[in-house]
Amino acid sequence: MKRLLSIELQKIWRNKASRVLTISYFVILSFIALIASINFKIGSLEVRIADQGIFNFPYIWHFNTYIASILKFFLAIVIVSMMANEYTYGTLKQNLIDGLSKKEFVLSKFLTILLFAASSAVFVFIISLILGLFFSSYTEIGIIFSELEYILAYFVKLLGFFSFCLFLGVLVKRSAFALGFLLLWWILEAILSGIIAFQIFPTGNTASYITMFFPLEAMSDLIVEPFTRLSFVKTIGTQIGVTEIKNYGVRWYGILIVLAWTYIFTLLSFKLLQKRDL
C-alpha cells in the first residue's frame with residue numbers, strides 16, 4: 001500500500017497545477033482564523049463575528065467543519081485531474097504494462113483520496129483546537145472534546161465526495177467534462193428533490209426520507225448549516241416570530257449512507273476500468 005500511495009503522490013507533486021491547488025487548499029483552510037475580524041451591520045445593529053461565539057467550544061467543531069467543507073472543490077479538481085491525466089499522458093496504460101493490476105491502480109487512487117480526507121480532517125482539527133483555546137469562553141476538557149463527531153462527519157463527507165469525483169474522472173476521462181458532469185448531477189439531484197418534496201410528497205417527512213439517500217444530498221446532510229445556532233441569529237428569529245429548531249447533530253445513519261456511496265463509487269470505478277480496453 002505504501003508503494004501504491006507513493007506512486008500517486010509523486011504524480012500529483014510533479015504536476016504543477018495539482019501541486020498549487022493542493023497547497024492553496026490547505027493555505028486557505030488556515031484563513032478560517034480571519035473570520036474573527038469580520039464586522040457587519042444589520043440595520044442599526046452592528047455585529048462582530050468573533051463576539052458571537054463561533055470560536056467557542058464545542059460550537060467551533062461544527063462551524064469550522066462546515067466552512068472547510070465548502071472548500072473541498074479545490075481538492076475535487078485535483079482528484080478529477082489526477083484521473084484525467086492518466087488518460088491524457090498514457091500513464092494508466094504504462095502502469096498496467098509495468099505490472100500494476102487494475103485493482104491496484106484503483107486502490108492507489110482510493111488511498112490518495114483517503115490521505116487527502118484524513119489530512120484535511122486533522123488539519124481542521126488542529127486549527128479549531130488552537131482557535132478554540134485562544135478565543136473560547138469554555139475551556140473545560142469535557143466541553144473542548146464534546147461534539148468531535150463533526151470532525152468524523154467532515155472526514156466521511158470528503159471521502160464520499162472525492163470517491164464520487166474519482167468515479168466521474170474514470171467515467172468521463174476529461175477533467176473539464178467531469179467537473180461539468182458533477183455540476184449537472186447536482187442540478188438534476190436538486191430538481192428531483194424539489195419534485196419529490198413539492199409535487200409527490202408535499203406533506204410529512206416522506207420526501208426527506210427519500211432524498212437523504214441521494215449521494216450529494218447525503219453528503220450535504222452530514223453537517224447541517226451552523227449559522228442559525230448563533231445567538232444573534234436566534235435573537236433575530238425570536239423577534240420576527242421564527243422559533244423552528246433544527247436537528248444540528250451528526251446522524252449515525254447519515255455516515256453509513258455516505259460510506260455506502262463511497263464503496264459504490266469506488267467499486268464502479270474499478271468495474272469501469274475492468275471493462276475498458278485500455
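Scroll up to find the structure this text is about.
Fair warning: this is a prediction, and the values are worked out from it, not measured in the lab. (Residues numbered from 1 in each chain as written. Predicted model: local features only at pLDDT ≥ 70, side-chain atom pairs only at ≥ 80, totals over all residues. Heavy atoms only, no water.)

**Q** Could you clarify how one ought to interpret helix α2 (residues 16-30) in this entry?
**A** Structural remark: α-helix, 3.6 residues per turn; residues separated by three or four positions point the same way. Over its 15 residues, α2 runs 21 Å from end to end, which matches the ideal 21 Å to within 8%, given 1.5 Å per residue. What α2 keeps buried is the set Ser18, Thr22, Tyr25, Phe26 and Leu29. Considered in projection along α2, the buried side chains sweep an arc of 85° and stay on one side of the axis. Looking at the packing, one finds that the buried side of α2 touches α1 (2-14), α3 (59-70), α4 (72-88), α6 (102-135) and α8 (149-172). (Helix = DSSP H or I, 4+ residues; strand = E, 2+ residues; numbered from the N terminus. Expected span 1.5 Å × (residues − 1). Buried < 20%, exposed > 50% of the residue type's maximum accessible area, 1.4 Å probe, protein only. Arc of directions from axis to C-beta. Contact = heavy atoms within 4.5 Å.)

**Q** What exactly am I supposed to notice about unusual backbone geometry here?
**A** What you tend to see is this: most non-glycine residues have negative phi, and most peptide bonds are trans. With an omega of 0°, the peptide bond between Phe57 and Pro58 qualifies as cis. Its place among the elements puts Pro58 in the loop between β2 (45-48) and α3. With a phi close to 65°, Glu147 is a non-glycine residue in the positive phi region. Relative accessible area serves as the criterion here: at 23%, Glu147 is assigned to the partly exposed category.

**Q** Looking at this model, I keep getting lost on the packing of aromatic side chains. Mind explaining?
**A** Aromatic rings in a pair are described by how distant their centres are and how their planes are angled relative to each other. Taken as a whole and assessed by the stated rule, the structure comprises 16 aromatic pairs. When the centroid spacing of 6.3 Å and the interplanar angle of 55° are considered together, the rings of Phe181 and Trp185 count as tilted. Note that Phe181 and Trp185 are positioned in helix α9 (residues 175-200) at a spacing of 4 residues, about one turn of the helix. For Phe181, a relative accessible area of 29% translates into the label partly exposed. Its relative accessible area of 25% is what places Trp185 among the partly exposed residues. Aromatic rings pair up to connect Phe164, Phe167, Phe181, Trp185, Trp261 and Phe265 into one cluster. A cation over a ring is seen here: Arg19 above Trp13, with NZ or CZ 5.5 Å from the ring centre. Against the face of Phe161 rests Lys72, its NZ or CZ located 5.1 Å from the ring centre. (Phe/Tyr/Trp six-rings, centres within 6.5 Å; stacked < 30°, edge-to-face > 60°. Lys NZ or Arg CZ within 6 Å of the ring centre and 35° of its normal.)

**Q** Can you help me understand the side chain of Lys72 in this one?
**A** Mapping Lys72 onto the fold places it in helix α4. Buried and unpaired, Lys72 has no salt bridge, with Glu189 as the nearest side chain of opposite charge at 11 Å. (Lys, Arg positive; Asp, Glu negative; His and termini not counted. Salt bridge = Lys/Arg side-chain N within 4 Å of Asp/Glu carboxyl O.)

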